[in-house]
Amino acid sequence: MKPIERLLLENKAWAQEHLAQDPHFFEKLARERRCDFFWIGCSDSRVHADEITNTEPGRIFVHRNIANMVINDDMTLLSALEYAVDHLLVGHIIVCGHYGCGGINAAMRKAKPDQLMLNKWLKHIKDVYRLHRHALEMISPYAERENRLVELNVIEQVHNLAQTSTVQKAWATRQGPELHGWVYGLGNGIIREIIQLDAGTPLDPIYEYDLTSLT
Ligand code: CO
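Residues numbered from 1 in each chain as written. Predicted model: local features only at pLDDT ≥ 70, side-chain atom pairs only at ≥ 80, totals over all residues. Heavy atoms only, no water.

Visitor: Just checking my understanding: could you explain the overall build of the chain for this structure?
Guide: The number of helices and strands found in the chain is nine helices and five strands. When its helices and strands are written in sequence order, the chain yields α-α-β-α-β-α-β-α-α-α-α-α-β-β. Overall size of the chain, expressed as C-alpha extent along the three principal axes, is 55 × 50 × 30 Å. For the chain, with 215 residues in total, the buried portion stands at 37%. Just so you have it, the chain exposes about 13000 Å², and 54% of that area is on carbon and sulfur atoms. Positive and negative charge centroids in the chain, built from 23 and 28 side chains respectively, lie 6 Å apart. (Helix = DSSP H or I, 4+ residues; strand = E, 2+ residues; numbered from the N terminus. Buried < 20%, exposed > 50% of the residue type's maximum accessible area, 1.4 Å probe, protein only. Areas by Shrake-Rupley, 256 points an atom, 1.4 Å probe, with all protein chains shown as cover. Lys, Arg positive; Asp, Glu negative; His and termini not counted. Charge placed at Lys NZ, Arg CZ, Asp CG, Glu CD.)

Written out as structure tokens, the structure is:
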């Protein structure tokens, strides 16, 4: 059997297992969605939101890209964010990075000139490096520096979220959602919280929207 055929076969087995435990499992899942979390994670195949938080399907709305980035002209991220905040009314947004992230590792090295699209993406991580170059280059060994960039990148992405009009409007009108920056350890399976920003956390004024008409 080809590996791709195995996926479909395992899907049938998975569906049957759930039905054996609860004959109405999929009807219930299709009917109700109690989605209080929006997860922005890395595309890495080893970091699955539902699995590492032991969460049933239907609870976490997920967006993933290389190195869990929040880039302010990324339509896929921004449309998912708007849907999560304005329609699902999530109470929490989680940016979850992970140690040993290939995107972070690649961004710390010289780019290969033929990787046109990847290089554009990794440039955003290089910008985070440049912003924190002094602190990062005090850290050795190199692996520790890389781990710190994983953490600093998560912190920057949480701030990028707070700087969106979607989050600022929601903070002004419904005092939520909370923003969380987490880092997952591939080596031990444990998530560390690195940063949390609650509604109303003061932002650098240069990024503030004029929301006087909303309040
Ligand atoms: Co990664």
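Here the narrative resumes.
Visitor: Can you help me understand the environment of R148 in this one?
Guide: With respect to the element layout, R148 can be found in helix α8 (residues 142-162). Since its relative accessible area comes to 30%, R148 is described here as partly exposed. In this structure the C-alpha to C-alpha distance between R148 and H132, which are 16 residues apart in sequence, comes to 10.0 Å. Ignoring any residue separated from it by four or fewer positions in sequence, one finds R148 in contact with L136 and I139. Here E151 takes part through its side chain, which lies 2.7 Å from a polar atom of the side chain of R148. (Contact = heavy atoms within 4.5 Å. Polar contact = N/O pair within 3.5 Å; in protein donor to acceptor, adjacent residues only side chain to side chain.)

Visitor: When you look at the nonpolar core in this model, what are you seeing that I'm missing?
Guide: Generally speaking, nonpolar side chains in soluble globular proteins are found buried as a group. The biggest cluster of nonpolar side chains holds 43 residues, and the ones touching the most others in it are F38, I93 and L179. Among the elements that take part in this core, α8 stands out by supplying eight residues, more than any other. Beyond its immediate stretch of four places on either side in the chain, L179 contacts I93, V158, L161, A162, V167, W171, I195, Q196 and L197. W39, I94, W182 and Y184 belong to the second largest nonpolar core, which has eight residues in total. (Core = buried A, V, L, I, M, F, W, Y, C linked by side-chain atoms within 4.5 Å.)

Visitor: What's the story with the packing of helix α4 (residues 75-87) against helix α9 (residues 165-174) in this structure? I'm lost.
Guide: Helices that pack against each other are described as a pair by the angle of their axes relative to one another and the distance between those axes. Two numbers describe how α4 lies on α9: the axes approach to 10 Å, and their chain directions differ by 5 degrees. In terms of their interaxial angle, α4 and α9 are classed as roughly parallel. Between α4 and α9, the contacting residues are L81, E82, V85 and D86 on the first element and T166, V167, K169, A170 and R174 on the second. Residue composition of the contact of α4 with α9, by class: four nonpolar, one polar and four charged. (Axes fitted to C-alpha atoms, helices over the stretch in contact; angles between N-to-C directions. Parallel < 35°, antiparallel > 145°, perpendicular 65-115°, else oblique. Nonpolar A, V, L, I, M, F, W, Y, C, P; charged D, E, K, R; others polar.)

Visitor: Looking at this structure, how should I read α4?
Guide: Along an α-helix, a turn takes 3.6 residues, which lines up residues three or four apart on a common side. Look at α4: 17 Å from first C-alpha to last across 13 residues, which is about the 18 Å you get at 1.5 Å a residue. Listed as buried for α4 are L77, A80, L81, A84 and V85. Take α4 and look down its axis: the buried residues cluster within an arc of 120 degrees, on one side only. The outward face of α4, more than 90 degrees from its buried face, is lined by the exposed residues M75 and H87. For α4, the elements touching its buried residues are β1 (37-42), β2 (60-65), β3 (92-98), α8 and α9. Of the residues trailing α4, L89 is marked for its positive phi of about 55 degrees. (Expected span 1.5 Å × (residues − 1). Arc of directions from axis to C-beta.)

Visitor: I keep staring at the environment of C101 and nothing clicks. Help me out?
Guide: Mapped onto the elements of the fold, C101 is located in the loop between β3 and α5 (102-107). C101 sits in the buried class, given a relative accessible area of 2%. Remark: the alpha-carbon pair of C101 and C42, spanning 59 residues in sequence, is separated by 8.2 Å. Among all residues touching C101, those that are not within four sequence positions of it are C42, A67, E146 and V150.

Keep in mind these numbers describe shape, not what the thing actually does.
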